[in-house]
Amino acid sequence: MASIKQFQVTFDCAEPERVARFWCEVLGYVVPPPPEGLASWDDFNRSLPPEQQGAAFACVDPSGVGPRLFFQRVPEGKVVKNRLHLDVRVGTGLVGEERLAALEAECARLVPLGAVRGRLLLADGVNESCLGMQDIEGNEFCLD
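Please read these numbers as outputs of a predicted model, since none were measured by experiment.

A. Layout of the overall build of the protein chain. A tally of helices and strands in the protein chain yields three helices and seven strands. Each helix and strand of the protein chain, placed in order from N terminus to C terminus, yields the pattern β-α-α-β-β-β-α-β-β-β. The principal-axis extents of the C-alpha atoms in the protein chain amount to approximately 55 × 35 × 30 Å. For the protein chain, the share of sequence-separated contacts (at least 6 apart) that also reach a separation of at least 24 residues comes to 58%. When the accessible surface of the protein chain is totalled, it reaches about 9,200 Å², and 56% of it is carbon and sulfur. Charge centroids of the protein chain, computed over 14 positive and 21 negative side chains, lie 3 Å from each other.

B. Region of the structure containing the confidence of the model for the protein chain. When pLDDT is averaged across the protein chain, the result is 92; 98% of the residues are at 70 or more. Element-level pLDDT for the protein chain is lowest in helix α2 (residues 41-46), with a mean of 90, against a maximum mean of 97 in helix α1 (residues 16-27).

C. Quick peek at the pairing of strand β7 (residues 140-143). Residues Glu140 and Cys142 of β7 are buried on one face, and the alternating residues Phe141 and Leu143, pointing to the opposite face, are buried as well. In terms of strand pairing, strand β4 (residues 86-88) meets β7 through three bridges, oriented parallel. Residue leucine 86 lies in a different strand from β7, and its bridge partner there is phenylalanine 141. Alignment of strand β6 (residues 130-134) against β7, held across four bridges, turns out to be antiparallel. Paired with glutamine 134 across the two strands is glutamate 140, which belongs to β7. What sits between β6 and β7 in their antiparallel hairpin is a turn of five residues, with glycine 138 showing a positive phi close to 90°.

D. A look at the pairing of strand β3 (residues 68-73). Summarising the sheet, strand β1 (residues 8-13) and β3 pair through six bridges and their orientation is parallel. Counted as the bridge partner of aspartate 12 is glutamine 72 from β3. Sheet topology note: the strand β2 (residues 56-59)/β3 ladder contains four bridges and is antiparallel. The residue bridging alanine 56 from the neighbouring strand is glutamine 72, located in β3.

What counts, and at which threshold
Along each chain, residues carry numbers from 1 onward, in the same order as the chain's sequence is written. Restriction of local features to residues with pLDDT of at least 70 applies here, the model being predicted, together with a cutoff of 80 or more for giving and counting side-chain atom pairs; totals for whole chains, interfaces and linings are based on all residues. Values reported for side chains reflect all heavy atoms of the structure, with hydrogen atoms and water molecules removed beforehand. Numbering of helices and strands starts at the N terminus; helices are DSSP runs of H or I of at least 4 residues and strands are runs of E of at least 2. The contact criterion used throughout is that any non-hydrogen atoms of two residues lie within 4.5 Å. Using a 1.4 Å probe, accessible areas were evaluated by the Shrake-Rupley method; residue-level cover was limited to the displayed protein chains. Working convention for charge: Lys and Arg count positive, Asp and Glu count negative, and His plus the chain ends are omitted. In this description, the location of a charge corresponds to atom NZ of lysine, CZ of arginine, CG of aspartate or CD of glutamate. For every residue, the predictor assigns a confidence score, pLDDT, that lies between 0 and 100. Exposure categories follow from relative accessible area, calculated using a 1.4 Å probe and restricted to protein chains: below 20% of the type maximum is buried, above 50% is exposed, and the middle band is partly exposed. Paired strands are those between which DSSP finds at least two bridges.

Rendered as structure tokens:
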């Protein structure tokens, strides 16, 4: 049996490029180069039939370690809580006030990008503190 070596995380969204560029800023990801023979992703987009233009976008971890993120346009908006979300690990190894300061600093960086602050969950003796957030289309994620 073969083991899985890589995976991609796919987001359903209304504006794939906009959401992808938000996550590039959050995670330090980059937009990969356009397909061979094309100078830009805009050139690629214009080569598609009108109904497919802007329908998808991707970003990658420049170190090659993290998963590729793929964003695909869907007609319906987000209605309920995500069944899966990303934890952005900004407080790893930190506890108490030091961890809270790291979470708050990252929240302060992301809100001007369009993120929305959610509920702060304080350490409870089992789990460390984390801060719920939403991306620019309302998808939940945590600062952990």
